[in-house]
Structures are given as structure tokens and as C-alpha cells.
Amino acid sequence: MTAQTGVSWRPFDYEDKAATAPPTDRMVWIWETFEEGVDLGYFDGFTMRTAAGSDDCHVTHWAFMDVPPGPQS
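Scoring rules and cut-offs
Residues numbered from 1 in each chain as written. Predicted model: local features only at pLDDT ≥ 70, side-chain atom pairs only at ≥ 80, totals over all residues. Heavy atoms only, no water. Helix = DSSP H or I, 4+ residues; strand = E, 2+ residues; numbered from the N terminus. Buried < 20%, exposed > 50% of the residue type's maximum accessible area, 1.4 Å probe, protein only. Contact = heavy atoms within 4.5 Å. Lys, Arg positive; Asp, Glu negative; His and termini not counted. Charge placed at Lys NZ, Arg CZ, Asp CG, Glu CD. Core = buried A, V, L, I, M, F, W, Y, C linked by side-chain atoms within 4.5 Å. Pairing = 2+ DSSP bridges.

When its secondary structure is counted, the protein chain shows 1 helix and 5 strands. Starting at the N terminus, the α and β elements of the protein chain follow one another as β-α-β-β-β-β. Overall, the protein chain is about 45 × 25 × 20 Å in size when its C-alpha atoms are taken along their principal axes. Each of the 73 residues in the protein chain was classed as buried or not, and the buried ones make up 25%. For the protein chain, restricting intrachain contacts to residue pairs at least 6 apart in sequence, the fraction spanning at least 24 positions comes to 52%. Where the 4 positive side-chain charges of the protein chain centre and where its 12 negative ones centre are 8 Å apart.

Membership of the largest hydrophobic core is limited to 8 residues, which are Phe-12, Val-28, Ile-30, Phe-43, Met-48, Cys-57, Val-59 and Trp-62. Secondary-structure elements contributing two or more residues to this core are strand 2 (28-32) and strand 5 (59-64). When sequence neighbours within four positions are dropped, the list of residues in contact with Val-59 reads Phe-12, Tyr-14, Ile-30, Trp-31 and Met-48.

Within the fold, Thr-50 resides in strand 4 (residues 48-50). Each residue touching Thr-50, except ones within four places of it in the same chain, is listed here: Ile-30, Asp-39, Leu-40, Gly-41, Tyr-42 and Cys-57.

With that out of the way, let us pick up the sheet that holds strand 2. Sheet strands pair by backbone hydrogen bonding; their relative direction is either parallel or antiparallel. Reading across from one edge, 1-5-2-3-4 is the order of the 5 strands in this open sheet, with antiparallel pairing throughout. In the strand order of this sheet, the two ends are held by strand 1 (10-11) and strand 4, each with one partner. Where strand 1 and strand 5 come together, 2 bridges link them in antiparallel fashion. Bridge pairing links Pro-11 to His-61 in strand 5.

The next point concerns the pairing of strand 2. Within strand 2, 4 of the 5 residues are buried, leaving the element largely enclosed by the surrounding structure. One ladder, built from 5 bridges, connects strand 2 with strand 3 (residues 37-43); its direction is antiparallel. Within strand 3, the residue paired with Val-28 across the bridge is Gly-41. Counting the residues in the hairpin turn of strand 2 and strand 3 gives 4 residues, including Glu-36, whose phi is positive at 55°.

Pasting the structure below:
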């Protein structure tokens, strides 16, 4: 996977979720230490989950996904 410019990693702390979690139910990039790499995931309001819905992960950082502008017709 190639790194993208403009993406900044934000720390996630399970002990301080209110201050460090991404917006609830929004897909983000996650840095997951069990699999040791980048994955897609989201915060469900209680814990971080992988895109597949599993909470069997340990996230240390997250980043917003860059979404390109819509196509021009």
C-alpha cells in the first residue's frame, strides 16, 4: 500500500475514547497492532472495530480517509 499525502494519523487511547475516537460509525484507516498494519475500521460508540465488524483488534492510531471529489460529467 502506498502512503498518501495529506493523511495524518491521530492517536487512539482505549482509556480516553471520548477524546481520541473518530466520529461514530465513520469508516477510517486504522493502525491495528494484532495484524501489525493498516486496515479499515470504525468506532461503534464503545470500541474500535475492523471493517468486517470484528472487535478482535487493537488500534493505536486512526486517520480520516481521503475521498476524491465527485466525477465531472
